[in-house]
Amino acid sequence: MKNRLKVLRAERDWSQADLAGALGVSRQTVNALETGRYDPSLPLAFRIARVFSLPIESIFLDTETT
Amino acid sequence: MTVSRIAPWRWLAALFALAVGLGGLLGVASSVSRGASLGALALMALATAGLTALGVWLAVMYWRRLDEAAREAHKWSWFWGGNIALIPLLVGFFVLVERPEFGAPLWPGLEATPGNYVVTGGLAVAFALMAGYGVAWLYWWLWKSR
């Protein structure tokens, strides 16, 4: 599943470590999410949405409907 | 430092150190067990069981400290790395069964007894699985993409 994590992070001038700290995960997990190696669990997806103050659908792109 | 704040890699390092220590203990135990009394053997068994339980606890603490991507990497690696590693093993087993003239391999230093052949086979399986898991784990973190 594609996502806009890297773009959203860059807009706020956050490093991967900054975002990882905000989400309570490792920097490697943030990297894995941004490079598409891993899709987050629902709780983590909701945490990501809260951190960016955006709905989940605007962060993660449902490739099955596009 | 509270238990929950200890980094995952420290739990893994402790587990590895314990495994090395346990291996050493078992090595010493096996060398002295032939002349040991029943009480001494029971003591060695208790120590081994205790260290094994400690190892399980360390593994649980390590797993609890991992975040979800790291857990996914481990699970993916064990499944794919482990299964693919079985393929050369199965080929080897088939060759050994069908072509007995090749002779069964034996771990260096071991006497040619049935038990030691079983040990050699077990070590081959363990090393193959660990190698397969290691390659898969590296692949997941370095190259895998959807």
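Above this text is the structure in question.
> Could you clarify how one ought to interpret the nonpolar core in this entry?
The nonpolar side chains of soluble globular proteins are, as a tendency, buried together. Counting residues in hydrophobic clusters, the biggest one holds 30 residues, and the most contacted among them are A:Leu5, A:Ile48, A:Phe52, A:Ile59, B:Trp140 and B:Trp141. Mapped onto this core, the elements with two or more residues apiece are α1 (5–11), α2 (16–23), α3 (27–34) and α4 (42–52) of chain A together with α1 (8–32), α2 (38–65), α3 (68–98) and α4 (114–142) of chain B. Looking at which element gives the most residues to this core, the answer is α4(A), with five residues. Both domains that furnish three or more residues to this core are identified here as domain 1 (1–65) and domain 2 (67–146) of chain B. Residues within four places of A:Ile59 in sequence aside, it is in contact with A:Lys2, A:Asn3, A:Arg4, A:Leu5, A:Leu8, A:Ile48, A:Ala49, A:Phe52 and A:Leu54.

> Any chance you could explain the interface of chain B and chain A here in plain terms?
Frequently, the measure chosen for interface size is the accessible area that the parts lose on association. Each partner contributes residues to the interface: chain B has eleven residues there, and chain A has 14 residues. Across the interface of chain B and chain A, roughly 980 Å² is buried in total on both sides, 49% from carbon and sulfur atoms. Our count for the contact surface shared by chain B and chain A stands at zero salt bridges. Linking chain B with chain A are six residue pairs in polar contact (both at pLDDT 80 or more). With four residues, α3(B) is the single largest residue contributor to the side of chain B that touches chain A. Per-class residue counts for the side of chain B that touches chain A are five nonpolar, one polar and five charged.

> Looking at this structure, how should I read the packing of α2(A) against α3(A)?
Helix-helix packing is described using two parameters, namely the angle between the two axes and the distance between the axes. Residue and element names in this part refer to chain A. Where α2 meets α3, the closest approach of the two axes is 8 Å, and the angle between their N-to-C directions is 105°. In terms of their interaxial angle, α2 and α3 are classed as roughly perpendicular. Residue-level inspection shows Gln16, Ala17, Leu19 and Ala20 of α2 in contact with α3, the latter providing Arg27, Val30, Asn31 and Glu34. Each residue belonging to the contact of α2 with α3 can be placed in one class, and the counts come to four nonpolar, two polar and two charged.

About the thresholds
- Residues numbered from 1 in each chain as written.
- Chains lettered and ligands numbered in written order.
- Predicted model: local features only at pLDDT ≥ 70, side-chain atom pairs only at ≥ 80, totals over all residues.
- Heavy atoms only, no water.
- Core = buried A, V, L, I, M, F, W, Y, C linked by side-chain atoms within 4.5 Å.
- Buried < 20%, exposed > 50% of the residue type's maximum accessible area, 1.4 Å probe, protein only.
- Helix = DSSP H or I, 4+ residues; strand = E, 2+ residues; numbered from the N terminus.
- Domains from an automatic or database assignment.
- Contact = heavy atoms within 4.5 Å.
- Buried area = accessible area lost by both parts, 1.4 Å probe.
- Salt bridge = Lys/Arg side-chain N within 4 Å of Asp/Glu carboxyl O.
- Polar contact = N/O pair within 3.5 Å; in protein donor to acceptor, adjacent residues only side chain to side chain.
- Nonpolar A, V, L, I, M, F, W, Y, C, P; charged D, E, K, R; others polar.
- Axes fitted to C-alpha atoms, helices over the stretch in contact; angles between N-to-C directions.
- Parallel < 35°, antiparallel > 145°, perpendicular 65-115°, else oblique.

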